[in-house]
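# Results of the structural survey
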Amino acid sequence: MNDRERHEAGMTVRRQVLGDAHVDRAIAGTDEFTDDFQDFITRYAWGEIWTRPGLDRRTRSCITLAVLATLHHDEELAMHVRAALRNGLTPQEVSEVLLQVGVYAGVPAANRAFKVARETLRQEEQ
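Bear in mind that the values here come from a model prediction, so they are computed numbers and not experimental data.

## Digging into the overall build of the protein chain
A tally of helices and strands in the protein chain yields seven helices and zero strands. Mapped from its N terminus to its C terminus, the protein chain presents α and β elements in the order α-α-α-α-α-α-α. Compactness check: the protein chain gives a C-alpha radius of gyration of 15 Å against a globular reference of 14 Å for 126 residues, within 12% of the reference. Reported as C-alpha extents along the three principal axes, the dimensions of the protein chain are approximately 40 × 30 × 25 Å. Expressed as a percentage of the 126 residues in the protein chain, the buried residues total 36%. Entry remark: accessible area of the protein chain is about 7800 Å², with carbon and sulfur atoms responsible for 53%.

Here is the structure:
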């Protein structure tokens, strides 16, 4: 797959996972300074990793939630809580992932992540 094909495949998956509204906002906010970065994440995060057949999207969402919670990346965590719901996870399954974070990454990381996820889930219910 060449870079253009990787970008197209990545954009398709990115839209499916994050939703058109989110991706449209990201694209609209792209400028000369961020253009290369947007291309990079579309080609490699979405076009290389999220398109691989080795794990399904639900599993990738679980891993992504755990890593983002562990690293305290709250904005990305909220975005990926919404993505996890799109990928078929239930709020209870999101909670289970965060419980796992508590054991392996620490209670403070999980506590913070539960706050972000709870607020995000509440917003999604509205």
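## Topic: a nonpolar patch on the surface
Where nonpolar side chains cluster on the molecular surface, the patch consists of Leu-55, Ile-63, Val-67 and Leu-71 and spans about 330 Å² of accessible area. For Leu-71, the position within the fold is in the loop between α4 (57-70) and α5 (74-86).

## Considering the side chain of Ser-61
The topology assignment puts Ser-61 in helix α4. Beyond its immediate stretch of four places on either side in the chain, Ser-61 contacts Trp-50, Ala-83, Ala-84, Asn-87 and Leu-89.

## A closer look at the packing of α5 against helix α7 (residues 107-125)
The geometry of α5 relative to α7 is characterised by a closest axis approach of 9 Å and an angle of 50° between their N-to-C directions. When the interaxial angle is binned, α5 and α7 end up oblique. For α5 against α7, the interelement crossing comes out right-handed. On α7, the residues that touch Asp-74, Leu-77, Ala-78, Val-81, Arg-82 and Leu-85 of α5 are Arg-112, Ala-113, Val-116, Ala-117, Thr-120, Leu-121, Gln-123 and Glu-124.

## Re helix α1 (residues 3-18)
Relative to the 22 Å expected for 16 residues at 1.5 Å per residue, α1 spans 21 Å between its end C-alpha atoms, a close match to the ideal helical length. Within α1, burial applies to Arg-6, Gly-10, Met-11, Val-13, Arg-14, Val-17 and Leu-18. Where the residues of α1 are buried, they touch α2 (20-28), α3 (35-49), α4 and α5. Two or three places before Arg-4, at the start of α1, stands the capping residue Asn-2, its side-chain oxygen 3.0 Å from that residue's backbone nitrogen.

## Things to note about the packing of helix α6 (residues 91-105) against α7
At their nearest, the axes of α6 and α7 sit 7 Å apart, and the two run at 165° to each other. Considering the angle they form, α6 stands roughly antiparallel to α7. Seen along the crossing, α6 lies across α7 with a hand that is right-handed. For the pair formed by α6 and α7, the contact residues are Pro-91, Val-94, Ser-95, Leu-98, Leu-99, Val-101, Gly-102 and Ala-105 on the first element and Val-107, Ala-109, Ala-110, Ala-113, Phe-114, Ala-117 and Leu-121 on the second. The residue inventory of the contact of α6 with α7, partitioned by class, reads 13 nonpolar, two polar and no charged.

Criteria and cut-off values
- The residue numbering used here restarts from 1 in each chain and proceeds along that chain's sequence as written.
- It should be noted that, the model being predicted, local features are given only for residues of pLDDT at least 70 and side-chain atom pairs only at 80 or more, the latter also being counted only at that level, while totals for whole chains, interfaces and linings use all residues.
- Each side-chain value is worked out from all heavy atoms of the structure, with water and hydrogens disregarded.
- To qualify as a helix, a DSSP run of H or I must reach at least 4 residues; to qualify as a strand, a run of E must reach at least 2; elements of each kind are numbered from the N terminus.
- Here the globule rule reads 2.2 Å times residues to the power 0.38, and the radius of gyration is calculated from C-alpha atoms.
- Working definition: with a 1.4 Å probe on protein chains only, accessible area under 20% of the residue-type maximum means buried, over 50% means exposed, and in between means partly exposed.
- Residue-level accessible areas treat just the shown protein chains as cover; the underlying method is Shrake-Rupley with a 1.4 Å probe.
- Exposure above 30% relative accessible area and no salt bridge define the residues that can form patches, which grow by joining like charges within 9 Å and nonpolar side chains of Val, Leu, Ile, Met, Phe, Trp and Tyr within 5 Å.
- Here a salt bridge means any side-chain nitrogen of Lys or Arg lying within 4 Å of a carboxyl oxygen belonging to Asp or Glu.
- The contact definition used throughout considers only heavy atoms, calling two residues in contact when any of these lie within 4.5 Å.
- For helices, the axis comes from a line fit to the C-alpha atoms of the stretch in contact; other axes are also lines fit to C-alpha atoms, and the angle between any two N-to-C directions lies between 0 and 180 degrees.
- Should an angle fall under 35 degrees it is taken as roughly parallel, and over 145 as roughly antiparallel, whereas 65 to 115 is taken as roughly perpendicular and any remaining angle as oblique.
- In this scheme, a crossing is called left-handed if the near helix is turned counterclockwise away from the far one by less than a right angle; it is called right-handed if the turn is clockwise.
- The span expected for a helix works out to 1.5 Å for each residue beyond the first.
- Any pair of nitrogen or oxygen atoms within 3.5 Å is treated as a polar contact; in protein, a donor-acceptor pairing is required on top of that, and neighbouring residues in sequence qualify only through side-chain atoms on both sides.
- Only Asp, Glu, Lys and Arg are considered charged, only Ala, Val, Leu, Ile, Met, Phe, Trp, Tyr, Cys and Pro nonpolar, and every remaining residue, Gly among them, polar.

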